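Understanding the architecture of this molecule
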Amino acid sequence: MVLEILVLLVVGCVVPVDSIHCEGDTDLSDVQEYTQDVNDIGDLDFWRTAQNNFQTFGKFDGNPHNAVITAAYYTANNDLIFGITIDCKKGKWMSQITHNVTEKVTKHLTGDLTNPCKEGDIFDIWLKIHQPRMMSWIFNGQPLQYDTRTTYFRHGKTKIERTRPLKIWTKYGSDKGDHFTVKASGAAKFTRLSWGQCITWPRSLQENCQQARTWVESRSKMAVPEGGLGHFGSDWNTFAPQCFLGSRYYLWLQNFLHPDRNSKGFPWCCCVDMTTGEVANGDLENLCSLGSINGACSRSCMEYADKDVIEKVMKENDEMEHGLLL
């Protein structure tokens with residue numbers, strides 16, 4: 001049966017692209033300062049929703065003892081909306097806002113880093129914007145916030161209660177955003193910044209779907225006992241990459257990619273390279289289509305199922321089965 005399936009498969013020619021449906025994805029050459037300008041961020045006719053992600057990746061190129069990392073979202077007048085400081089020497093973090101009464105930059109929350117900064121390690125900082133005054137920082141999978149609140153909304157005549165992160169009492173909401181700036185000192189260097197209504201993961205994990213999936217899930221709204229961040233996560237874990245038969249390879253059809261401003265709230269379906277997870281041929285226009293909330297797609301993408309990869313995985317699975325039978 002497997003051989004019959006493989007006969008139908010054609011290996012697709014693939015050309016890497018940076019990311020899927022991000023507004024921007026920029027490789028940085030070990031810089032210590034970078035600013036990303038954003039466009040019309042408060043225009044919901046353009047964006048459809050206030051949600052946006054800023055993901056910054058970096059590394060500790062040497063002893064990070066004195067490294068300090070900052071990331072901040074600003075208005076066009078350079079007024080702080082929401083910022084974070086990571087102090088590796090003290091093992092502390094602190095978020096900041098512009099106070100809505102005094103109009104001065106002030107502390108929002110502070111706490112300890114779960115894990116110390118280590119020489120040779122990579123790091124990531126994630127700013128998730130949920131609503132103009134509901135935003136979340138994540139550093140290396142640690143939510144840089146605590147405590148929740150109860151909010152209510154109506155669905156028809158039904159009043160629904162939900163638990164959400166604390167409101168950010170900043171003078172300027174995320175809808176006033178104009179640019180996002182990261183800075184670092186000491187051994188901390190930035191290597192990449194992506195942003196938009198999308199999800200990315202470290203390039204070092206790109207050719208291992210299982211590692212990429214676990215990385216995304218560990219920063220998602222998946223329940224804490226299952227390895228996620230619960231209420232403090234960035235996005236639903238359903239948007240994590242899907243892997244072929246539990247292997248390191250990506251499923252050739254990704255049917256639940258994160259919605260963006262053009263997908264009307266629906267996930268994307270895309271044909272991808274099974275090794276890298278990138279859209280085949282870099283052709284987002286023709287190889288991505290709107291999906292559905294139940295995961296149904298209008299195409300199978302079978303022409304991009306890699307016969308050699310599938311044969312390799314099936315052979316390895318057969319060998320494991322015969323070798324591990326009791």
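Located above this text is the structure these notes cover.
It should be emphasised that the depicted structure is a prediction, and the values quoted were computed from it without experimental measurement.

What counts and how
- Residues numbered from 1 in each chain as written.
- Predicted model: local features only at pLDDT ≥ 70, side-chain atom pairs only at ≥ 80, totals over all residues.
- Heavy atoms only, no water.
- Core = buried A, V, L, I, M, F, W, Y, C linked by side-chain atoms within 4.5 Å.
- Buried < 20%, exposed > 50% of the residue type's maximum accessible area, 1.4 Å probe, protein only.
- Helix = DSSP H or I, 4+ residues; strand = E, 2+ residues; numbered from the N terminus.
- Contact = heavy atoms within 4.5 Å.
- Salt bridge = Lys/Arg side-chain N within 4 Å of Asp/Glu carboxyl O.
- Phe/Tyr/Trp six-rings, centres within 6.5 Å; stacked < 30°, edge-to-face > 60°.
- Lys NZ or Arg CZ within 6 Å of the ring centre and 35° of its normal.
- Pairing = 2+ DSSP bridges.
- Axes fitted to C-alpha atoms, helices over the stretch in contact; angles between N-to-C directions.
- Disulfide = S-S within 2.5 Å.

Focus: the nonpolar core
Ranked by internal contacts, the top residues of the largest apolar core, which has 38 residues, are Trp201, Trp215, Trp252 and Cys270. Listed by contribution, the elements that provide at least two residues to this core are helix H3 (209-217), strand S15 (253-257), strand S16 (268-271) and helix H5 (307-324). Excluding its chain neighbours within four sequence positions, the residues that come into contact with tryptophan 201 are Phe57, Arg192, Gln206, Ala212, Trp215, Val216, Pro241 and Tyr250.

Quick word on the side chain of asparagine 208
The topology assignment puts asparagine 208 in the loop between strand S14 (188-196) and H3. On the accessibility criterion, asparagine 208 (12% relative accessible area) is buried. Not counting residues up to four positions away in its chain, the partners in contact with asparagine 208 are Arg248 and Tyr250.

Observations regarding the environment of valine 182
Mapped onto the elements, valine 182 comes out in strand S13 (residues 179-184). Each C-alpha atom of the pair valine 182 and isoleucine 125 lies 9.5 Å from the other, and the pair is 57 residues apart in sequence. Excluding residues that lie within four positions of it along the chain, valine 182 makes contacts with Gln32, Glu33, Tyr34, Thr56, Thr70, Ala71 and Phe190.

What about the pattern of salt bridges?
Under the defined criterion, the tally for this structure stands at 14 salt bridges. A salt bridge links aspartate 27 to arginine 203, with the nearest nitrogen and oxygen atoms 2.8 Å apart. Taken together, the residues aspartate 27 in strand S1 (residues 24-31) and arginine 203 in the loop between S14 and H3 connect sequence positions 176 residues apart. For glutamate 217, the salt bridge is made with arginine 213, and the minimal N-O distance between the two is 3.3 Å. One end of the pair, glutamate 217, and the other, arginine 213, are both in helix H3, 4 residues apart, so they sit about a helical turn from each other.

Quick notes on the packing of aromatic side chains
Under the definition given, this model contains 15 aromatic pairs. Ring geometry for phenylalanine 46 versus tryptophan 47: centroids 5.3 Å apart, planes at 85°, classification edge-to-face. Relative accessible area serves as the criterion here: at 31%, phenylalanine 46 is assigned to the partly exposed category. By relative accessible area, tryptophan 47 is classed as buried at 1%. Centre to centre, the rings of phenylalanine 60 and phenylalanine 123 are 4.9 Å apart; their planes meet at 35°, and the pair counts as tilted. With phenylalanine 60 in strand S3 (residues 52-60) and phenylalanine 123 in strand S8 (residues 122-131), the pair connects residues that are 63 residues apart, well separated along the chain. On the basis of relative accessible area, phenylalanine 123 is assigned to the buried category, the value being 2%. One aromatic cluster is present, formed by Phe46, Trp47, Phe54, Tyr73, Phe82, Trp137, Phe180 and Trp195 through successive ring pairs. The cationic tip of lysine 159 hangs over the ring face of tyrosine 152; the distance from NZ or CZ to the ring centre is 4.6 Å.

Digging into the sheet that holds S15
The strand order S15-S16-S17 describes an open sheet built from 3 strands, whose pairing is antiparallel. Strand pairing shows two members of the sheet lacking a second neighbour, S15 and strand S17 (288-290), which therefore form its edges. Averaged over all pairs of adjacent strands, the angle between strand axes in this sheet comes to 20°, irrespective of strand direction. Bridge count for S15 against S16 is 3 bridges, and the pairing is antiparallel. From the neighbouring strand, glutamine 254 faces S16, where its bridge partner is cysteine 270.

Notes on the state of the cysteines
This model, assessed by the stated rule, comprises 6 disulfides. Between the sulfur atoms of cysteine 88 and its disulfide mate cysteine 117 the distance is 2.1 Å. Because the torsion about its S-S bond is -80°, the bridge between cysteine 88 and cysteine 117 counts as left-handed. Of this pair, cysteine 88 sits in the loop between strand S5 (80-87) and strand S6 (92-98) while cysteine 117 is found in the loop between strand S7 (105-112) and S8, placing the two residues 29 residues apart along the sequence. Across this residue pair, the class does not change: cysteine 88 and cysteine 117 are buried. Between cysteine 269 and cysteine 297 runs a disulfide, and the two sulfur atoms are separated by 1.9 Å. On the sign convention where negative is left-handed, the bridge of cysteine 269 and cysteine 297, at about -80° about the S-S bond, is left-handed. Here the residue cysteine 269 occupies a position in strand S16, and cysteine 297 occupies one in the loop between S17 and H5, the gap between them amounting to 28 residues. Take cysteine 269: its relative accessible area is 1%, and that puts it in the buried class. Since its relative accessible area comes to 23%, cysteine 297 is described here as partly exposed. Here the bonded cysteines of the protein chain are numbered in sequence order, and their pairing is 1-4, 2-3, 5-6, 7-11, 8-10, 9-12.

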